[in-house]
Amino acid sequence: MTLPTAPMVPAVELTGLRVAFGKTQVVDGVDLRLERGQALALIGESGSGKSVTLRAILRLFPAGRSRIEGHIQAAGRDVLALDKRALSEFRGGDVSMIFQEPLLAFDPVYTVGQQIIEAIRRHETISQADARARALALLERVRIPSPERRLDNYPHEMSGGMRQRAMIALALSCRPQVLLADEPTTALDATVQIQVLLLLRELQRDLGLSIVIVTHDLGAAVEVADRIAVMYAGKIVETGTAREIVRDPHHPYTIGLLRSRAEGALAKGSRLETIPGSPPDLANRPPGCPFAPRCFLAGDRCHREMPPVAEVSPGHKVACWHTEDAAAAYRAGPTPLAVEMA
Amino acid sequence: MTAPLTAASVALDGNLAAPPDAPEAFVASRGFWGHVGHRLVRDPVAMTAGAVILIVVAIAVLSPWITPMDPYKGSMLRRLKPVGDATYWLGSDELGRDMISRLMLGSRLSLFMGVTPVLIAFVIGSSIGILAGYVGGWTNTILMRTIDVFFAFPSVLLAIALSGALGAGIFNSIVSLTCVFVPQIARVAESVTTGIRKRDYIDAAKLSGASALTIMRVQVLGNVVGPIFVYSTSLISVSMILASGLSFLGLGVRPPEPEWGLMLNTLRTAIYVNPVVAALPGLAIFIVSISFNLFSDGLRNAMEIRQ
Amino acid sequence: MSVIPSSPDPFAADRGGPAQPLLSVSGLVKHFPVRKGTGPKRVVRAVDGVDFDVLKGETLGIVGESGCGKSTTAKLLMGLIERDTGDMLYDGQAIGGRAMPWRSYRRQAQMVFQDSYASLNPRMTVEQSIAFGPKVNGVPGRQAVERARALLARVGLEPKRFAGRYPHEISGGQRQRVNIARALALEPRLVLLDEAVSALDKSVEAQVLNLLLDLKAEFGLTYIFISHDLNVVRFISDRVMVMYLGRVAEIGPSDSVLAAPGHPYTQALLASMPSLDPDNRTQKALLAGDPPNPIDPPGGCRFHPRCALAEGVCGQVEPPLDPVMTLHRVACLARQPGSGHSAAPAQVLAA
């Protein structure tokens, strides 16, 4: 094992990750690196492969029906090389995960306290009383009011936001180095969402946690993430710091995402800029850049050849043949980028 | 094709290669039952079960003309011949009648007793259940509580009690079996309908100003009939076994009519002499009822809509 | 698009003239009984005295957290559940009364639901779903199907490709277009959109919002747009109504309400929208905890237990919905002269 503080070993590193279910290549060559203590947001629309990429880090797929290739390194472990025992130790121990729906993470017939204590004692030899004390501290840590009482609550006795916090506490119970969050705030009210996002940020800062958060909401991503990776059709099309992605996007898809937001509208009631068409069928992938059929800059080459990943500035990588044109188009301001929807 | 990105993916490229410029295929939709049929055809288990059912039905229909011997003609000299006998391929029964002929002819009554009560119960039970489920409220409570009373009795007991009260005979057996299945089907129909009633598309239909009857006919019926039908097909095997049981007890078909349950009963005495022959009607019941079950399982799978 | 029959004149069915609200709701109340053990009988005060108007040709946005009563309000407006008390006037006529029975009202008011899949019958083709409404309203089958196809084309779905498809065979965005076409098939004047774009991906959401704008202009529609996304509401609405625990907290022109909110709750809602500015991320959530349960709401101002401005008087006096500016009304004692709240503006002396 390497020292956890070694700066050279990233918290998560994916190299050439490909995941297929049957004939459908859901994740198609993803390279991703998360430094320790950083928060990374994977954003994309439904079917972009962002959730599958996240789940691959814990190998959360039925073995028979999926095919994973490439290399996955997380918390210093080679994930694809782990045997069954090591994998279950690794899940929840070194790397743990929170989901959109907390009710699925909890067993309805045990109290929240029992489940956190059980999780702690599964990974560590520790007395019941000590485990309970730690569970209590965890609930305090995630800012659940009157934690003493809540420890003895069943999951269904808690409100949505509280359950989400309890699930974060459960995920933190074995002091993981990496926290994976799959759409953790999508089902929540905006007023609760911001609280959970702020909590994640606080945990990252105070515990030195490395976080990968998957979301379809650029706004939520910007609130927590240091870096953002934009996924489209199983590929990462752009990665950079949150600032680079929001202020200086170089991929036409990222630009489309930014421009189609309602708050970016020129004026109330004026039409929104949209990305025409819909994502490609992953079982029947066209050659070339997967975004080409919907892209306002696409040329012949885009339809023929997949663009290589270009580094437009240190750490800001874009998979596009026309990065400069795209960036220029964005800087030029909101002009009608594309004809109306298909 | 795209240049492979990693060494690992090279080997796979062949697998993934799809015709690069295959035109987007927009096949006209097959329709719901088209989809079901399409999937059913590709389910080998359901297809085998379906084939068995078809064969048995064909035998049942044609049996008066195709039985190798007279199923009623016995011979005191040739009783209980074993399976594989030169004259009696599947042996002969305790009165020396040809087993194969009796099994073939017996399939008529057995199938009839299996299908008819379920069919009648399907019509009555789903009407009650759909009505209770769609209307809800007090109507639902009254109907379903009444139905629940029937559930208090085990179905075998109920069938025997009803048949016993009505007296022996094919018609009375059918009546009593129907009474056994109506509550079961109604219960399923009610729960399916209640589930459907809460869907948004029913609300949308209400907003379009359609009457309750129209909504039931156009929007509800199509969605509930499938599941109820599947459940009902699974009852056919139960009905066959219960009918056989009634005959076995002397409450159903009367001798000398061949019926599998009755045959099982009369051959019971021969179980020590020729167990294989004595078991044959039971085997027939087993094969046919399991075929109905497997077929209804396949049907249920085929009807699941994957989003 | 002259293919769609008899729609282009939005005011053909108009009665009271442009100044009369299309829909006028007052004192709307809906309580649901909760059965829980043997304790005293309790009720969920889902909607508890709501008044508002929807003007002809406008889009009224309704926002609030879950449990604020916005979806119940939608169902009450459409008659999908029965109101306990309250008056609803459609173009000056009482809905459910003799002049405007529910049946004729429904021909003029339609709804688009949030769940695009659950709101389409899985056993009916897209075309059958759209044609169902016109058919039950007496349009001959052939014509109803033609109208369905024309509407499909209008919402951006090529009829040849989509008319015969089933809901599970098309994407969420396409399904929501079908739902919109279905709502328009009866040529309504009022369309209620209940979180109609919330479940869609952002880029699809933008396409559908554009479509809604186009349709509104083309058919002279009036929208009630319910959403939890303030950005979307700001974009599409002329006026906004903010609901909290079954009551109206604030209502007014969206430019005014969302730019200079009068109610502390509206301010908190606005502050909880992600900033989209990496250099200026949200530092503090203005509201702690979850939205409260509408069973036994607090007395006085319902927001006072979570409010930063709360004072003793807020727990005792229920604030009326009073104007702070023309057309902009706020139910907060701190904004109302003479309310007894220390932050209240001085009484304006009548000239």
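As recorded by an unreviewed UniProt entry, chain C carries the name Glutathione import ATP-binding protein GsiA and is attributed to Methylobacterium aerolatum. Taken from UniProt, the Function (unreviewed entry) comment for chain C reads in full: "Part of the ABC transporter complex GsiABCD involved in glutathione import. Responsible for energy coupling to the transport system." In the Sequence similarities (unreviewed entry) part of its UniProt record, chain C is described as follows: "Belongs to the ABC transporter superfamily. Glutathione importer (TC 3.A.1.5.11) family."

An unreviewed UniProt entry lists chain B under the name Peptide/nickel transport system permease protein, with Methylobacterium aerolatum given as the organism. As recorded by UniProt, the Subcellular location (unreviewed entry) comment attached to chain B reads in full: "Cell membrane". Recorded in UniProt under Sequence similarities (unreviewed entry), the annotation for chain B is "Belongs to the binding-protein-dependent transport system permease family."

**A closer look at helix 8 (residues 190-207) of chain A**
The first and last C-alpha atoms of helix 8 of chain A sit 25 Å apart over 18 residues, in line with the 26 Å expected at 1.5 Å per residue. A190, T191, V192, Q193, I194, Q195, V196, L197 and L200 of chain A are the residues of helix 8 of chain A that are buried. Against the buried residues of helix 8 of chain A lie helix 7 (160-172), strand 7 (178-182), strand 8 (210-215) and helix 9 (218-224) of chain A together with helix 10 (264-271) of chain C.

**Some details on the packing of helix 4 (residues 112-123) of chain A against helix 7 of chain A**
Residue and element names in this part refer to chain A. In the contact formed by helix 4 and helix 7, the axes pass within 9 Å of each other and the chain directions differ by 20°. One way to sum up the angle between helix 4 and helix 7 is to call them roughly parallel. Every pair of crossing elements has a handedness; the one defined by helix 4 and helix 7 is right-handed. Residue-level inspection shows V112, Q115, I116 and A119 of helix 4 in contact with helix 7, the latter providing A166, A169 and L170. Per-class residue counts for the contact of helix 4 with helix 7 are 6 nonpolar, 1 polar and no charged.

**Concerning the UniProt feature "domain: ABC transmembrane type-1" (unreviewed entry) in chain B**
UniProt records the feature "domain: ABC transmembrane type-1" (unreviewed entry) for residues 107-296 of chain B in the present numbering. In residues 107-296 of chain B, the share of helix is 84% and the share of strand is 0%. The end C-alpha atoms are 20 Å apart.

**Structural notes on the UniProt feature "transmembrane region" (unreviewed entry) in chain B**
All names here are of chain B. What UniProt calls "transmembrane region" (unreviewed entry) maps, in this numbering, to residues 45-66, 109-136, 156-183, 228-251 and 272-295. A helix fraction of 100% and a strand fraction of 0% characterise residues 45-66, whose end C-alpha atoms lie 28 Å from each other. Helix and strand shares over residues 272-295 are 88% and 0% respectively, and the end C-alpha atoms of the span are 35 Å apart.

**Overview of the sheet that holds strand 8 (residues 222-226) of chain C**
All names here are of chain C. Pairing in this open sheet of 8 strands is mixed, and the strands run 6-7-8-3-9-10-12-11 from one edge to the other. Two strands close off the open sheet at either side, each with one partner strand: strand 6 (109-112) and strand 11 (322-325). Looking at each pair of strands side by side, their axes are set apart by 25° on average, direction ignored. Of the pairings in the sheet, the one linking strand 3 (residues 59-63) to strand 8 comprises 4 bridges and is parallel in character. Bridge pairing in strand 8 places I62 opposite I226. Relative to strand 7 (residues 190-194), helix 1 (residues 70-78) is tilted by about 150°, and along the sheet it contacts strand 3, strand 6, strand 7, strand 8 and strand 9 (239-244). The strands that helix 6 (residues 172-184) touches are strand 6 and strand 7; relative to strand 6, the one it contacts most, it runs at about 170°.

About the criteria used
- Residues numbered from 1 in each chain as written.
- Chains lettered and ligands numbered in written order.
- Predicted model: local features only at pLDDT ≥ 70, side-chain atom pairs only at ≥ 80, totals over all residues.
- UniProt positions renumbered as here; feature names shortened; annotations may be inferred.
- Helix = DSSP H or I, 4+ residues; strand = E, 2+ residues; numbered from the N terminus.
- Expected span 1.5 Å × (residues − 1).
- Buried ≥ 20, exposed ≤ 12 C-beta atoms within 10 Å, placed from the backbone.
- Contact = placed C-beta atoms within 7 Å.
- Axes fitted to C-alpha atoms, helices over the stretch in contact; angles between N-to-C directions.
- Parallel < 35°, antiparallel > 145°, perpendicular 65-115°, else oblique.
- Left-handed = near helix turned anticlockwise from the far one by under 90°.
- Nonpolar A, V, L, I, M, F, W, Y, C, P; charged D, E, K, R; others polar.
- Pairing = 2+ DSSP bridges.

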